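# Residue-level structural notes
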Protein chains: 2
Amino acid sequence: MTNLTEQDPSCTSISCQHCGLYQLGLSMGLDSADTSLPDRYIKRKFMLKRGQVLYRAGEEFTSIYSIRSGSVKTYISTDDGRLQITGFHVPGELLGLNAIGENRYNCEAVALEASSVCKISLECFQEIALQIPSVNYQMLRMMSKEIKHHQDLMLLLGKMSAEERLATYLLSLSRRFALRNYSPNQFNLSMSRGDIGNYVGIAEETVCRIFTRFQEEGLIIIRRRHIILTDIERLSVIAREPYQPPTVARYPLEI
Amino acid sequence: MTNLTEQDPSCTSISCQHCGLYQLGLSMGLDSADTSLPDRYIKRKFMLKRGQVLYRAGEEFTSIYSIRSGSVKTYISTDDGRLQITGFHVPGELLGLNAIGENRYNCEAVALEASSVCKISLECFQEIALQIPSVNYQMLRMMSKEIKHHQDLMLLLGKMSAEERLATYLLSLSRRFALRNYSPNQFNLSMSRGDIGNYVGIAEETVCRIFTRFQEEGLIIIRRRHIILTDIERLSVIAREPYQPPTVARYPLEI
DNA sequence: CGCCCTGTTGAATCTGGTCAAACTAAGTGG
DNA sequence: CCACTTAGTTTGACCAGATTCAACAGGGCG
């Protein structure tokens, strides 16, 4: 996802549209009146190396994280060590919120590449919530969104063929990029074939085979981690989705 | 699930341990002080016939429901009509809460058999929340629980063999029954083989085949909808779960 | 430059899906 | 009360898609 990082506009704490706090509806109360709030609250920005862990399942819930650049995967695991990736997360998305019910993270988050992350501590977050009551409601909305995402993934895992899964996957990536003003037709995959296969529930080798099949059929051009979607409409047919023309970004972002 | 209904204790609005409101932590403020609250709020109790719809996906969020007897399935669907069952719900469980973020239900709920249900309107619910602030927190907890449940299901759908899926399924049913003081070794399946298969992501026929295999191996005795788990330990091995002795019910219930 | 990780391809295998048919239990209506 | 219908379940035969195993290619990085 190097092209993402390149395109990433320089990001000050006030104008930063990538800052996930926008998704909590904080823009409402903050932009006009008290412009110092974000600086006070978005305490620590730091870098993650590829493979570095942001938090582990079962760990105490201390902070939420907003991705500024790079990408992060989250996954859960069985007792005997099998993993199921539950999401890939790109700049502008918030991580860790679902820990709020149990007070501990229920999945593990690991950087897929060098990534920049904002850490917002729980206390800061609660202080924000006090000042801006709608934050509570926004949190419910975000958990709802997450449930929706899980439901989509369950349908994918339970009911779709390998081709459908991959077409669906590529289209969903494309849509999320479009939403953030990146090209919906051309992007880098920051995750390995193995990660993709794990996420959509098929073997790594099947991912390869189907990608080459898609390429032979003129749907995509793929070379290692770089992919061009050359026929989104036909991909939509395979994924059995109604074709959706690219959406323009709005803020606060819909995930 | 006829045996469930038979065992179901008579259920007044005050002492009703099955009433899902206990899960919202309402017992704390209510039991001692204002014993009239439940009567005021748990307005409508009514019966559902088998196959009757409680709510549909996309419908406006008007009420949450607490199951008093019987059972209900919830499911989501693709554009082209394939369904994925996301849960089977038994007495004591609350339904519809996850609609709170989007203000519309995100799945469909249908009775599996004749069932009795309490309807709690949104307004009533909000009034309760005003009087008992902890309700907000309890809601977050419950959404967290739901996310946890989805994660388990995703692991099942994405990473498990057919045998593991069914063993896991039977054990999870057993555990939920134990939690409600029903027998963990012997119960009725209120859902069809097709529903079971849909839920765990395998074909109806595979469900049958594996159930008979389990029976031949002395793990279960199954005859139509009635099942006896004769070797829970060995089932746990197949499901790759650590063996858990049956848990006794506590209130408020953990789902 | 050489190693290592990731990705790709082929071949054999197998799990689980599909289709079809028989069977059971429970209604339903005459 | 019995014949008939229907929905649900079970079993068998066959097959396809996906997994597994193995070998190999090629980039990237020290």
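Residues numbered from 1 in each chain as written. Chains lettered and ligands numbered in written order. Predicted model: local features only at pLDDT ≥ 70, side-chain atom pairs only at ≥ 80, totals over all residues. Heavy atoms only, no water.

Looking at the element boundaries, Gln84 of chain B is found in strand β5 (residues 83–89). Sequence-wise, Gln84 of chain B and Cys107 of chain B are 23 residues apart; in three dimensions their C-alpha atoms are separated by 9.9 Å. Ignoring sequence-local partners within four residues, the contact set of Gln84 of chain B consists of Met154, Leu155, Gly158 and Lys159 of chain A together with Thr74, Tyr75, Ile76, Leu157, Asn198 and Tyr199 of chain B. A polar contact is formed between the side chain of Gln84 of chain B and the side chain of Lys159 of chain A, at a distance of 2.9 Å. (Helix = DSSP H or I, 4+ residues; strand = E, 2+ residues; numbered from the N terminus. Contact = heavy atoms within 4.5 Å. Polar contact = N/O pair within 3.5 Å; in protein donor to acceptor, adjacent residues only side chain to side chain.)

Quick look at the protein's contact with DNA strand C now. Not every one of the 19 residues close to DNA strand C is listed here, only the nearest: Arg193 and Thr212 of chain A together with Thr206, Arg209 and Arg223 of chain B. Of everything in DNA strand C that lies within 4 Å of the protein, sugar and phosphate atoms constitute 63%. Between a phosphate oxygen of DNA strand C and a main-chain N or O atom of Ala162 of chain B, the distance comes to 2.8 Å. Thr206 of chain B places a side-chain nitrogen or oxygen 2.5 Å from a phosphate oxygen of DNA strand C. Secondary structure elements with two or more residues in the surface near DNA strand C: α8 (204–216) of chain A together with α8 (204–216) of chain B. Tallied by class, the residues present in the surface near DNA strand C amount to four nonpolar, five polar and ten charged. (Near = heavy atom within 4 Å. Nonpolar A, V, L, I, M, F, W, Y, C, P; charged D, E, K, R; others polar.)

Residues and elements named next belong to chain A. At their nearest, the axes of helix α6 (residues 162–179) and helix α7 (residues 193–200) sit 10 Å apart, and the two run at 110 degrees to each other. Classified by the interaxial angle, the pair formed by α6 and α7 is roughly perpendicular. Listed contacts from α7 to Arg165, Leu166 and Tyr169 of α6 are Ile196, Tyr199 and Val200. Considering only residue class, the contact of α6 with α7 consists of five nonpolar, no polar and one charged. (Axes fitted to C-alpha atoms, helices over the stretch in contact; angles between N-to-C directions. Parallel < 35°, antiparallel > 145°, perpendicular 65-115°, else oblique.)

Further remarks concern the domain arrangement of chain A. Residue and element names in this part refer to chain A. Taken domain by domain, chain A holds domain 1 (5–149) and domain 2 (160–239). The interface of domain 1 with domain 2 comprises 19 residues on the first partner and twelve residues on the second. Across the domain 1/domain 2 interface, buried area totals approximately 1,300 Å², and carbon plus sulfur atoms make up 46% of it. Taken together, the links from domain 1 to domain 2 amount to three salt bridges. The partner of Glu93 in a salt bridge is Arg176, and the shortest N-O contact between them spans 3.2 Å. For the pair domain 1 and domain 2, the number of links is eleven residue pairs in polar contact (both at pLDDT 80 or more). No other element matches the seven residues that strand β5 (residues 83–89) contributes to the side of domain 1 that touches domain 2. The class makeup of the residues in the side of domain 1 that touches domain 2 is six nonpolar, nine polar and four charged. (Domains from an automatic or database assignment. Buried area = accessible area lost by both parts, 1.4 Å probe. Salt bridge = Lys/Arg side-chain N within 4 Å of Asp/Glu carboxyl O.)

Counting 144 residues, the largest nonpolar core has Phe211, Phe214 and Ile220 of chain A together with Phe211, Phe214 and Ile220 of chain B as the members making the most contacts within it. Look past the residues within four positions of Ile220 of chain A in its chain and what remains in contact with it is Leu170, Phe211, Phe214, Gln215, Ile227, Ile228, Leu229, Thr230 and Leu235 of chain A. (Core = buried A, V, L, I, M, F, W, Y, C linked by side-chain atoms within 4.5 Å. Buried < 20%, exposed > 50% of the residue type's maximum accessible area, 1.4 Å probe, protein only.)

Residues and elements named next belong to chain A. A surface patch of like charges, here positive, comprises Arg50, Arg223, Arg224 and Arg225. Structurally, Arg223 is set in strand β10 (residues 220–223). The exposure class assigned to Arg223 is exposed, which follows from its relative accessible area of 68%. (Patch = residues over 30% accessible without salt bridge, like charges linked within 9 Å, V, L, I, M, F, W, Y side chains within 5 Å. Areas by Shrake-Rupley, 256 points an atom, 1.4 Å probe, with all protein chains shown as cover. Lys, Arg positive; Asp, Glu negative; His and termini not counted. Charge placed at Lys NZ, Arg CZ, Asp CG, Glu CD.)

Moving on, we come to the interface of chain B and chain A. Each partner contributes to the interface: chain B provides 39 residues, whereas chain A provides 39 residues. For the pairing of chain B and chain A, the buried interface totals around 3,600 Å² over both sides, and the portion due to carbon and sulfur atoms is 62%. Counting the contacts that link chain B with chain A gives four salt bridges. For Arg82 of chain B, the salt bridge goes to Glu164 of chain A, with nearest N and O atoms at 2.6 Å. If you look at where chain B meets chain A, you find 15 residue pairs in polar contact (both at pLDDT 80 or more). Secondary structure elements with two or more residues in the side of chain B that touches chain A: β4 (72–77), β5 and α5 (134–159) of chain B. Per-element tally for the side of chain B that touches chain A: the top contributor is α5 of chain B, with 17 residues. Classifying every residue of the side of chain B that touches chain A gives 15 nonpolar, 13 polar and eleven charged.

Applying the stated criterion to the full structure yields 24 salt bridges over all chains. Measuring nitrogen to oxygen at the nearest pair gives 3.3 Å for the salt bridge that ties Asp80 of chain A to Arg82 of chain A. By relative accessible area, which is 36% here, Asp80 of chain A ends up partly exposed. Across the pair Asp152 of chain A and Lys148 of chain A runs a salt bridge whose closest N-O atoms are separated by 3.1 Å. Of this pair, Asp152 of chain A and Lys148 of chain A both sit in helix α5 (residues 134–159), four residues apart, roughly one helical turn. Using a relative accessible area of 41% as the deciding quantity, one classes Lys148 of chain A as partly exposed. A network of salt bridges, in which partner residues are shared, links Asp80 and Arg82 of chain A together with Glu164 and Arg240 of chain B.

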